[in-house]
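Residue-level listing of the chains:
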Amino acid sequence: MNEEWVDLGPLEDFPEGAVREAMHGSKRLAVSRRNGRVGVLEGTCNHVGGPLGQGRLDGEYVVCPSHYWKFHHATGVGEPGSEEDRVPSYAVRVDDDRVRIRPEPATLRARKPHAPHPLARTPVRGDGPIRVLGLSTTAMTPGNPRYSTSEDLLTHALAAAATEQACEAQFIRVRDLRIRACEGYYSKSARACTWPCSITQMDRSDEMAGIYEAVVHWADVILVATPIRWGAASSLYFKMVERMNCIQNQETIADRHLLKNKVAGFIITGGQDNVQAVAGQLLGFFAEVGCQFPQFPYVAHSRGWSAEDMEQNELAVQKSTALHDGAAALAARCAAMARVMVSSSLGEGALVGGGRKAHPTA
Ligand code: FES
């Protein structure tokens, strides 16, 4: 009799209320016990292959640890509303305090058709003038605007791009968007970091989609403005670019270049030092997501270490023709570079992987 059943191990290895991973040949299984009933599912999630056996139980459902899809712990049927999604389940018996399954699944995998997210379309640059996107990453209380040196210069740069360079301009104040923090899906598994971001796909109230749409599908030029906070870019800047990890991960896990022929430039201002370190961070990140830079890719201003007269700092920037001219000239350099990129075949060739992130050296 036991020849027709595969022994997965002693019952005590599969405690009540828990999900455990077990192997059946080369197949990963998700074994769970709820109210004394042992359920065994194939352990690969329908979504992007998350390890169900490393998940947890939520009522009668196994929750995938990657992005929380749920499957009934004994039947493999998706949670209510997603019943068309199923993972294979096995017939189970427990005798002699051993858990055994039939060698072949009792039910098969089925996938509910999921319409691709609108952002998942292939980026194609449509005809038209150079498009300049401004991303302001300074924080403010809604309804209580204040003067921001970095945002002032970015506003001026965008206006100059529109009026002097005949560009289309779009301004996004990152603080106006409700953006959830990156939860590090990449840390669970590189493939758990998806494009578009898993959070964007799961949570329609998350507004990072607006930035993805503008950065990936619209802009030729991305101008980022940030204050200096404790010697680094602003917390909103980091919140934004952490969510942009998924763009970079497409390079490494799918050899997919979402940003092509894009130019980035930066405006960095603060009452504190560290312009060069902030610029280094911005340059490093936007280089790794595939952007190009014009000659002298940032303009900056800092009051320095010895002054606390921030009112004077604001006035100095407000009145500074040099800084405003410099911001406009940065936009012009970026637009000129973008014209070259858009009209040339630069970047059309295959990108050699050696030495780039996550590419093996052998
Ligand atoms: S929910 Fe399972 S891999 Fe995404």
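Residues numbered from 1 in each chain as written. Predicted model: local features only at pLDDT ≥ 70, side-chain atom pairs only at ≥ 80, totals over all residues.

**Comments concerning the overall build of the chain**
Here's step 1: Within the chain one finds nine helices and 14 strands.
Here's step 2: At 26 Å, the chain has a C-alpha radius of gyration far larger than the 21 Å of a compact globule built from 362 residues.
Here's step 3: Taking the principal axes of its C-alpha atoms as reference, the chain extends roughly 90 × 45 × 40 Å.
Here's step 4: Residue burial in the chain is summarised as follows: out of 362 residues, 42% are buried.
Here's step 5: Of the contacts formed within the chain by residues at least 6 apart in sequence, a portion of 68% connects residues at least 24 apart. (Helix = DSSP H or I, 4+ residues; strand = E, 2+ residues; numbered from the N terminus. Rg over C-alpha atoms; globule rule 2.2 N^0.38 Å. Buried ≥ 20, exposed ≤ 12 C-beta atoms within 10 Å, placed from the backbone. Contact = placed C-beta atoms within 7 Å.)

**Some words on the environment of Ala 166**
Here's step 1: The residue Ala 166 is located in the loop between helix H1 (149-164) and strand S11 (168-173) in this model.
Here's step 2: Sequence separation between Ala 166 and Arg 191 is 25 residues, and the spatial gap between their C-alpha atoms is 41 Å.

**Some words on the environment of Val 174**
Here's step 1: Along the chain, Val 174 turns up in the loop between S11 and helix H2 (185-188).
Here's step 2: The spatial distance from the C-alpha of Val 174 to the C-alpha of Gly 210 is 9.7 Å, given a sequence separation of 36 residues.

**Side note on the sheet that holds strand S3 (residues 27-34)**
Here's step 1: Spatially, S2-S3-S4 is the arrangement adopted by the three strands of the open sheet, whose pairing is antiparallel. Either end of the sheet is taken by a strand with one partner, and the two such strands are strand S2 (19-24) and strand S4 (37-42). In this sheet, neighbouring strand axes are inclined to one another by 30 degrees on average, regardless of whether the strands run parallel or antiparallel.
Here's step 2: With six bridges joining them, S2 and S3 adopt antiparallel strand pairing. In the sheet register, Glu 21 faces S3, and the bridge partner there is Ala 30. (Pairing = 2+ DSSP bridges. Axes fitted to C-alpha atoms, helices over the stretch in contact; angles between N-to-C directions.)

**Re helix H4 (residues 208-218)**
A turn of α-helix holds 3.6 residues, and therefore any two residues three or four places apart point the same way.
Here's step 1: Restricting attention to buried positions, one finds in H4 the residues Met 208, Ala 209, Ile 211, Tyr 212, Val 215 and Val 216. In an axial view of H4, the angular spread of the buried residues amounts to 155 degrees, which keeps them on one side of the axis.
Here's step 2: Those residues of H4 that are buried are in contact with strand S10 (131-136), S11, helix H3 (198-202), strand S12 (221-227), helix H5 (235-243) and helix H6 (245-254). (Arc of directions from axis to C-beta.)

**Considerations on the domain arrangement of the chain**
Here's step 1: As assigned here, the chain comprises domain 1 (2-101) and domain 2 (118-343).
Here's step 2: Each of domain 1 and domain 2 was reduced to a C-alpha centroid, and the two centroids are 44 Å apart.
Here's step 3: With six residues of domain 1 in contact, the opposing surface of domain 2 contributes eight residues.
Here's step 4: Looking at side-chain class alone, the side of domain 1 that touches domain 2 contains two nonpolar, four polar and no charged residues. (Domains from an automatic or database assignment. Nonpolar A, V, L, I, M, F, W, Y, C, P; charged D, E, K, R; others polar.)

**Brief notes about the nonpolar core**
Here's step 1: Counting residues in hydrophobic clusters, the biggest one holds 68 residues, and the most contacted among them are Val 132, Ala 157, Val 221, Ile 222, Leu 223, Ile 267 and Ala 331.
Here's step 2: Of the residues forming this core, the biggest block, 10 residues, is contributed by helix H9 (residues 321-343).
Here's step 3: Ala 157 has contacts with Gly 134, Leu 223, Ile 267, Ala 327, Ala 328, Leu 330 and Ala 331, leaving out every residue within four places of it along the chain.
Here's step 4: Counting 22 residues, the second-largest nonpolar core is a separate cluster that includes Val 38, Leu 52, Tyr 90 and Val 99. (Core = buried A, V, L, I, M, F, W, Y, C linked by C-beta atoms within 7 Å.)

**Comments concerning the pairing of S10**
Walk down a regular strand and you will see the side chains alternate between the two sheet faces.
Here's step 1: Taken across its six residues, S10 has six buried, putting it largely inside the fold.
Here's step 2: In S10, alternate side chains face the same way, and those of Arg 131, Leu 133 and Leu 135 on one face and Val 132, Gly 134 and Ser 136 on the other are all buried.
Here's step 3: In this sheet, S11 lies alongside S10 in parallel orientation, the contact comprising six bridges. Bridge assignment links Arg 131 to a residue of S11, and that residue is Glu 168.
Here's step 4: Pairing analysis gives five bridges linking S10 to S12, with the strands arranged parallel. Bridge pairing links Ser 136 to Ala 225 in S12.

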